Amino acid sequence: MLIRLAQVVTAVAIICSLAAPQASAQPDFGSEYTQTQFGPMGPAGKDMLVKVRLAGLWEGPAGRLGLEKSANPLVKEAGRHLINGHAELDAKVLELGRTLNVPLPSEANADQQGWIAEMTTAPAGSAEFDRVFANRLRAAHGGVYKFLAVVRTGTRNTLIRDFAKRCMEVVLDHIQVLEATGMVDFNDTKAIPLAALAAAPASPAPVPIVPQAVPTVPRTQNIAQNNGSDGSDGSDGSDAILGVLVMVAVVGGIYLWTGGRPRRSRSSRE
C-alpha cells in the first residue's frame, strides 16, 4: 500500500514539473552592456559616472572661488555647499569607477575650464563675479539634474540607481542655494530653458467616429480566438491542462490504492 502511495505522489510531481512554465532566460541587452553582480551596466550608467566626475573637477574649485572672491554671504554659502557636496560625490564616483571598471577623467573639459577662467578674471568682491558664479553654475546644474533623472528612471544597475538618487539630492541642493543668491538670470532661456508644456488642450477638437461594418464570424472561429488568439499568454490553457493531468493522476492513484479490484457488495460477502 505504501509503495503504491509513493508511486502516485511521484507521478503527480512529474506531471506538475512537466506542465509548469519554464523560467525565462536573462535578456540580452546588446554588446554595449556588461553584466555585473549589480545588474547590467550600459552606456548611460557609464556616461553618468563620467559626468559626475567632470562636475566635481570644476564645481569644487568654483565653490572655493566663491568663498575667496565674493563679498556676498549668500554666494559664500553656495560655495560651501558646492565644496562639501562635490567632495562627497567625487569620492563615491571614484569608488564606483573602480568597482564597475569605468575609466574616469582627471581634468575638467574645455567648457568647464573656460567657466573657471571667467570667475578667475572677474574682479573680487564685484557683482560681475557673483553673476558669473551663480549663472554658470545654475545652468550646469540644471542640465545635469535632468540627465540624472533619465538615468535614475531607466537603469537596471542597483549601484547606478542608488548613486543617481544621491546625486539628484546634492544637485538639487546646489540649485536651491544658487537661486537663493538672487543673482540667477531666469530671462536667459538659452542657459535655463523654459519647461515644455506637457498638458493637452483643455477642449480638444472632437474626432469623428466612422462606423465600420463588423464581419460575421462563425461560432467555431470565435471559440478558437477566445482560446488562444486574444493576445493572452496562454496561461489559462496551461492551467486547464495541468488540472486535467492532476485529476488523471488522482484517479490513477485511487485505482492503484484499491489494487484495481472492484469492491464487492455486502450481499455477495454474506
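Refer to the structure printed above.
Residues numbered from 1 in each chain as written. Predicted model: local features only at pLDDT ≥ 70, side-chain atom pairs only at ≥ 80, totals over all residues. Heavy atoms only, no water.

Observations regarding the overall build of the protein chain
- A tally of regular secondary structure across the protein chain gives nine helices and two strands.
- Burial analysis of the protein chain (270 residues in total) assigns 27% to the buried set.
- Counting only contacts in the protein chain whose residues sit at least 6 apart along the sequence, the fraction spanning at least 24 positions is 76%.
- Accessible surface, the protein chain: about 18,000 Å² in total, of which carbon and sulfur atoms supply 59%. (Helix = DSSP H or I, 4+ residues; strand = E, 2+ residues; numbered from the N terminus. Buried < 20%, exposed > 50% of the residue type's maximum accessible area, 1.4 Å probe, protein only. Contact = heavy atoms within 4.5 Å. Areas by Shrake-Rupley, 256 points an atom, 1.4 Å probe, with all protein chains shown as cover.)

What to know about the environment of H81
- Considering the arrangement of structural elements, one finds H81 in helix α3 (residues 73–99).
- We classify H81 as partly exposed; its relative accessible area is 23%.
- Distance from H81 to G60, taken between C-alpha atoms, is 9.3 Å for residues 21 residues apart in sequence.

Describing the nonpolar core
- Core analysis: the largest hydrophobic core is formed by 20 residues, its most contacted members being M48, L49, V52, L148, I160 and F163.
- Secondary structure elements with two or more residues in this core: α2 (43–69), α3, α5 (127–154) and α6 (158–179).
- No other element matches the eight residues that α6 contributes to this core.
- Excluding residues that lie within four positions of it along the chain, L49 makes contacts with M41, V93, L96, G97, L100, V102, L104, I160 and F163.
- Membership of the second largest hydrophobic core comes to 16 residues, among which are W58, L65, A122 and V177. (Core = buried A, V, L, I, M, F, W, Y, C linked by side-chain atoms within 4.5 Å.)

Quick word on the packing of aromatic side chains
- In this structure the tally under the stated criterion is two aromatic pairs.
- Taken together, a centroid distance of 5.0 Å and an interplanar angle of 55° make the contact between W58 and W115 tilted. Residue W58 is located in helix α2, and its partner W115 is located in helix α4 (residues 110–121); the two are separated by 57 residues in the primary sequence. (Phe/Tyr/Trp six-rings, centres within 6.5 Å; stacked < 30°, edge-to-face > 60°.)

Overview of the pattern of salt bridges
- Under the definition given, this model contains nine salt bridges.
- Among the salt bridges present, the one from K51 reaches D47, with a minimum N-O distance of 2.9 Å. Of this pair, K51 and D47 both sit in helix α2, four residues apart, which is roughly one turn of the helix.
- Salt-bridge contacts for E118 lead to R136; the nearest nitrogen and oxygen are separated by 2.8 Å. (Salt bridge = Lys/Arg side-chain N within 4 Å of Asp/Glu carboxyl O.)

Examining unusual backbone geometry
- Its identity is not glycine, yet N101 carries a phi of approximately 60°, on the positive side.
- Structurally, N101 can be placed in the loop between α3 and α4.
- Among the residues examined, N101 registers a relative accessible area of 69% and is labelled exposed.

Here we look at the environment of V170
- Examined against the element boundaries, V170 turns out to sit in helix α6.
- C-alpha separation for the pair V170 and H141, spaced 29 residues apart in sequence, amounts to 9.9 Å.
- Look past the residues within four positions of V170 in its chain and what remains in contact with it is G85, E88 and L89.

Section: the packing of α4 against α5
- For the pair α4 and α5, interaxial distance at closest approach is 8 Å and the crossing angle is 160°. Relative to α5, α4 is oriented roughly antiparallel. For the crossing formed where α4 meets α5, the hand is left-handed. Here W115, E118 and M119 of α4 lie close against α5, whose contacting residues are F129, V132, F133, R136, L137 and A140.
- Counted by class, the contact of α4 with α5 contains seven nonpolar, no polar and two charged residues. (Axes fitted to C-alpha atoms, helices over the stretch in contact; angles between N-to-C directions. Parallel < 35°, antiparallel > 145°, perpendicular 65-115°, else oblique. Left-handed = near helix turned anticlockwise from the far one by under 90°. Nonpolar A, V, L, I, M, F, W, Y, C, P; charged D, E, K, R; others polar.)

Honestly, that's just the spatial picture; any functional story needs more than this.
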